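# Remarks on the overall topology
The residues making up each chain are set out below.
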Amino acid sequence: MRKKVIAGNWKMNMLPNEAIDFIDKLTPLVKDTQNEVILCVPYTDLFYALLTAQNTNIKIGAQNVHWEESGAYTGEISAKMLKSIGVEYVIIGHSERRKNFFETDEIVNKKVKAALANGLKPIICVGETIEQKEAGVTKKVVTEQVKKVLDEIKEEQIENIIIAYEPIWAIGSGKTATIKDANDITKEIRDEICKIYGQKASKRVIIQYGGSVKPENCKEYLNASDIDGALVGGASLNPEIFAEIVNN
Ligand code: PEP
């Protein structure tokens, strides 16, 4: 059976002292969970978060990575650099990066390859805009994204990736996909993985739902047959609220 993976995406929030305080508060609240708990924190918090989360069941991730290992890329951070300090996960292709920093599926794919090559586990975000949803093309859009971001990724690498289905219109908006729609799209993603990599890989791959997940609605998403967890933005900024989601 696939485990449930709850990842928090702090976005551009939390100073190091706040990160340390948060993890100290979260640790006892989630210590008995069977679920995987990940906090994806700003670069400036990574080292503090890693130290504070040592000897806990909380894993630490970054929110972005460059595809090259080193070189003249001012301001960028490579997968090798993240790995060198002990980072385990990295969010790649979040819709805010696609929209604000013009990341395409091709760029996302290069980043996924770099992450995997350096032993990081990518959390790859896919999802449709409100216009695409209203035009009834969600499944087509999302399966195309999945195909492109996984281009040249090998079957044995699939168990090291997480896909987060995040309808863009649901992120930070308070609007959510219905449980049926979210489960149908995650199933569609799983079927696409099955087509590319076969049944074994499709049964193993972790697919999360993300978009205004909170304690009041998380249980139903987490109980849906094809949804293996949640990527949580706003509700991951408070340790008690995030713990409620983890423990649901
Ligand atoms: C996100 O940033 O990935 C996200 C899902 O945000 P929120 O939970 O705030 O909608």
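Structure: above.
Described in the following lines is the structure provided in the data block. The structure displayed is predicted, hence computed values, not measured ones.

### Quick word on the overall build of the protein
- When helices and strands are counted, the protein shows 11 helices and eight strands.
- On C-alpha atoms alone, the protein measures out to a radius of gyration of 17 Å, which is about the 18 Å that the 2.2 N^0.38 rule sets for 248 residues.
- Principal-axis analysis of the C-alpha atoms places the extent of the protein at approximately 45 × 45 × 35 Å.
- Counting every position in the protein, which comprises 248 residues, the buried fraction comes to 51%.
- Summarising the internal contacts of the protein: among those between residues at least 6 apart in sequence, 72% fall at separations of at least 24.
- Split by element, the accessible area of the protein, about 11600 Å² in all, is 52% carbon and sulfur.
- Charge centroids of the protein, computed over 32 positive and 35 negative side chains, lie 3 Å from each other.

### Notes on empty space enclosed by the protein
- Tallied over the full model, the rule gives one cavity of 30 Å³ or more.
- Of the voids in this model, the largest cavity is the one considered here, and its volume is about 50 Å³.
- Gly93, His94, Ser95, Arg98, Cys125, Val126, Gly127, Gln145, Glu166, Ile168 and Ile171 are the residues that line the largest cavity.
- Elements that contribute at least two residues to the lining of the largest cavity include exactly α4 (95-100) and β5 (121-126).
- Grouping the constituent residues of the lining of the largest cavity by class yields four nonpolar, five polar and two charged.

### Topic: helix α7 (residues 138-149)
- Here α7 spans 16 Å end to end across 12 residues, near enough to the 16 Å set by a 1.5 Å rise per residue.
- For α7, every residue scored as buried is listed here: Thr138, Val141, Val142, Thr143, Gln145, Val146 and Val149.
- The secondary structure elements touched by the buried residues of α7 are α4, α5 (105-117), β5, α6 (130-134), β6 (162-165) and α8 (179-197).

### Considering the layout of surface pockets
- Of the voids in this model, the largest pocket is the one considered here, and its volume is about 450 Å³.
- Met12, Gln63, Asn64, Arg97 and Phe101 are the residues nearest the centre of the largest pocket, which is lined by 17 residues in total.
- The biggest single contributor to the lining of the largest pocket is α4, with three residues.
- By residue class, the composition of the lining of the largest pocket is seven nonpolar, six polar and four charged.

### Re the side chain of Thr186
- Structurally, Thr186 is set in helix α8.
- With relative accessibility at 0%, the residue Thr186 sits in the buried group.
- Of the polar contacts made by the side chain of Thr186, one reaches the backbone oxygen of Asn183; its length is 2.9 Å.
- With residues near it in sequence (within four places) discarded, Thr186 still touches Tyr165, Ile207, Gln208, Asp226 and Ile227.

### Regarding the site of the ligand
- Looking at the ligand, there are 14 residues lining it, with Lys11, Glu166, Gly172, Ser212 and Gly233 nearest.
- A distance of 2.9 Å separates an oxygen atom of the ligand from a polar side-chain atom of His94.
- Within the backbone of Ser212, one N or O atom sits 2.7 Å away from an oxygen atom of the ligand.
- When isolated, the ligand has an accessible area of 290 Å², and the protein chains bury 96% of it.
- A per-class count over the shell around the ligand returns four nonpolar, eight polar and two charged.

### Concerning the sheet that holds strand β1 (residues 5-9)
- Reading around the circumference, β1-β2-β3-β4-β5-β6-β7-β8 is the order of the eight strands in this closed barrel, with parallel pairing throughout. Neighbouring strand axes in the sheet, compared pairwise and without regard to direction, differ in orientation by 25 degrees on average.
- Two elements, β1 and strand β8 (residues 229-232), share four bridges in a ladder whose sense is parallel. If you follow Gly8 over to β8, its bridge partner there is Val232.
- Sheet strands touched by α8: β5, β6 and β7 (206-210). Its angle to β6, the strand with the most contacts, is close to 145 degrees.

### Details of a nonpolar patch on the surface
- A cluster of nonpolar side chains, namely Phe47, Tyr48, Leu51 and Ile85, defines an oily patch on the protein surface of about 380 Å² accessible area.
- Tracing the backbone shows Ile85 in the loop between α3 (79-84) and β4 (89-92).

Rules used in this analysis
Residues numbered from 1 in each chain as written. Predicted model: local features only at pLDDT ≥ 70, side-chain atom pairs only at ≥ 80, totals over all residues. Heavy atoms only, no water. Helix = DSSP H or I, 4+ residues; strand = E, 2+ residues; numbered from the N terminus. Rg over C-alpha atoms; globule rule 2.2 N^0.38 Å. Buried < 20%, exposed > 50% of the residue type's maximum accessible area, 1.4 Å probe, protein only. Contact = heavy atoms within 4.5 Å. Areas by Shrake-Rupley, 256 points an atom, 1.4 Å probe, with all protein chains shown as cover. Lys, Arg positive; Asp, Glu negative; His and termini not counted. Charge placed at Lys NZ, Arg CZ, Asp CG, Glu CD. 1 Å grid on protein atoms, 1.4 Å probe; cavity = no way out; pocket = protein on both sides within 12 Å on 5 of 7 lines; lining within 4 Å. Points joined across faces, edges and corners; volume = space filled by probe spheres on them. Nonpolar A, V, L, I, M, F, W, Y, C, P; charged D, E, K, R; others polar. Expected span 1.5 Å × (residues − 1). Polar contact = N/O pair within 3.5 Å; in protein donor to acceptor, adjacent residues only side chain to side chain. Near = heavy atom within 4 Å. Pairing = 2+ DSSP bridges. Axes fitted to C-alpha atoms, helices over the stretch in contact; angles between N-to-C directions. Patch = residues over 30% accessible without salt bridge, like charges linked within 9 Å, V, L, I, M, F, W, Y side chains within 5 Å. Salt bridge = Lys/Arg side-chain N within 4 Å of Asp/Glu carboxyl O.

On their own, these measurements won't tell you what the molecule is for.
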